[in-house]
Amino acid sequence: MTLLIAGGGIAGLTLGLTLHQIGVPFHICESAPELKPMGVGINLQPNAVRELLDLGLEKELDAIGVRTRQLGFYTKLGKTIWEEPRGMDAGYAWPQYSVHRGALQMMLYEALVARAGAECISTDARATGFETTPEGAVLLLDDGRRLKGRLLIAADGIHSALRKQMYPNEGEPIWNGRILWRATTQAPVWSGGGAMVMIGHNALRMVAYPISDPGNDGLATINWIAEKSFDPSAAWKKEDWNRAADIEDFVGDFEDWKFDWIDVPGLIRGADVVYEYPMVDRDPLPKWTDGSVTLMGDAAHPTYPVGSNGASQAILDARLIGAELLRHGLTPAALEAYEAAVRPLTTNVGLANRSAGGPDAVLQMVEDLCGGDFETVEDVIPMEDLAAHAAKYKSIAGFSIEELNARPRTIAEGAQLD
């Protein structure tokens, strides 16, 4: 009997590829009339890249992304707080990628259609709710259709209709007072390419990294996120990938952030279009699973975009669901086992991202101690403390180098559901 997936984003498509790999019949219902490459840049951590490589997608990832080599934290004055290698340069057995979110989604979609056929996904099929039955689950669509499946996985994002049915009084996502402006700009790379930077402090911050290699003109596509804090009690427009912003609302705050290695106001002014949305998440849930129905990805554990972990965890969710289906079959027990493995981890990550536990907390630490100005950073914070902070978040998020390199494959090569 078919497993149903509500949502054709990164989570749902990776789950579809996983189910095809292990021989589980499935069908995806996607609300959009057609899949288009939405969004801007994201990072895929080595733990998620490992899973995509196990799906045979290394060549495709190299075609659309950049292997990330370095992550650095810098003060508002451009001074170096902490730099560390990333991906295989850090000792992982797998790379880290910086990639356009839309390009990743379309790559997953094209791979899925090539392997499982176009009939495996229905577009213009918006989920509105579900029913559980002794035989499985029923997915309710807004056009009145009722699709029956043995199991149903909600991969329908932060505004999940299935989550809302489980928790009808939860309300809207929670805004933390920060606004993000995101865009891409053609600009030179720094530090030899493949380097992510985080600059500033809690009130004002810039994140930037290339998502393409430089072309013949020496310019690469640079993904950037400008972030500013406001009063959380103030009203703000609802988040939307497609809302264009006016850069004059914020570029003045970054006017002095011109350093010999990056020109922040130049990046902002060089974008063709800038997207604006508030930084939101939801409180962790006490339970994701209702009989033959469970949540995954942003439907289960939406979190602030801190630590480059959101898309990576969605991919891991898909693979762990597949692993538990192999162990338990198409049963509610498989969904319960997946939740037991993942929910405690994602709860800890979400709470760390809200607090000073995220990797970028060092920015505010230095701002508080010296206003971002120092001769050497060790006059402000010992280097071993910076290293310990970076290692702690990797451990919380499940991608410490030693642990990941030693971990067996999530799904054994050639494994099939009996």
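For the structure itself, look to the data block above.
Bear in mind that the values here come from a model prediction, so they are computed numbers and not experimental data.

Caption draft 1: View of the sheet that holds strand S9 (residues 127-133). In spatial order, the strands read S9-S10-S11; together these three strands make up an open sheet with antiparallel pairing. One side of each edge strand has no neighbouring strand; the edge strands of this open sheet are S9 and strand S11 (146-149). When the angles between neighbouring strand axes are averaged without regard to direction, this sheet yields 25°.

Caption draft 2: Representation of the nonpolar core within the structure. Core analysis: the biggest nonpolar cluster contains 75 residues, and Leu 44 and Leu 162 have the highest contact counts within it. Setting aside residues no more than four positions away along its own chain, Leu 162 makes contact with Ala 6, Ala 127, Gly 129, Phe 130, Leu 139, Leu 152, Ala 154, Asp 156, Val 293 and Leu 295. Trp 190, Leu 204, Ala 220 and Val 264 belong to the second largest nonpolar core, which has 31 residues in total.

Caption draft 3: Looking closely at the packing of aromatic side chains. Counting across every chain of the model gives six aromatic pairs. On the numbers, 4.3 Å between centres and 15° between planes, the contact of Trp 181 with Phe 250 is stacked. Here Trp 181 is found in strand S13 (residues 174-187), whereas its partner Phe 250 is found in the loop between strand S16 (220-229) and helix H6 (264-269), with 69 residues between them in sequence. Ring plane angle 85° and centroid distance 4.9 Å describe the contact between Phe 254 and Trp 257, whose orientation is recorded as edge-to-face. Here Trp 257 falls in the buried class, since its relative accessible area comes to 6%.

Caption draft 4: Local environment of helix H1 (residues 10-22). For H1, which comprises 13 residues, the first-to-last C-alpha distance of 18 Å matches the rise-based estimate of 18 Å (1.5 Å per residue) to within 8%. Counting buried positions along H1 yields eleven of 13 residues, so the element is predominantly enclosed. Within H1 the residues assigned to the buried category are Ile 10, Ala 11, Gly 12, Leu 13, Thr 14, Leu 15, Gly 16, Leu 17, Thr 18, Leu 19 and Ile 22. Positioned one or two residues after H1, Gly 23 has a phi angle of 80°, which is positive.

Definitions and cut-offs
Residues numbered from 1 in each chain as written. Predicted model: local features only at pLDDT ≥ 70, side-chain atom pairs only at ≥ 80, totals over all residues. Heavy atoms only, no water. Pairing = 2+ DSSP bridges. Helix = DSSP H or I, 4+ residues; strand = E, 2+ residues; numbered from the N terminus. Axes fitted to C-alpha atoms, helices over the stretch in contact; angles between N-to-C directions. Core = buried A, V, L, I, M, F, W, Y, C linked by side-chain atoms within 4.5 Å. Buried < 20%, exposed > 50% of the residue type's maximum accessible area, 1.4 Å probe, protein only. Contact = heavy atoms within 4.5 Å. Phe/Tyr/Trp six-rings, centres within 6.5 Å; stacked < 30°, edge-to-face > 60°. Expected span 1.5 Å × (residues − 1).

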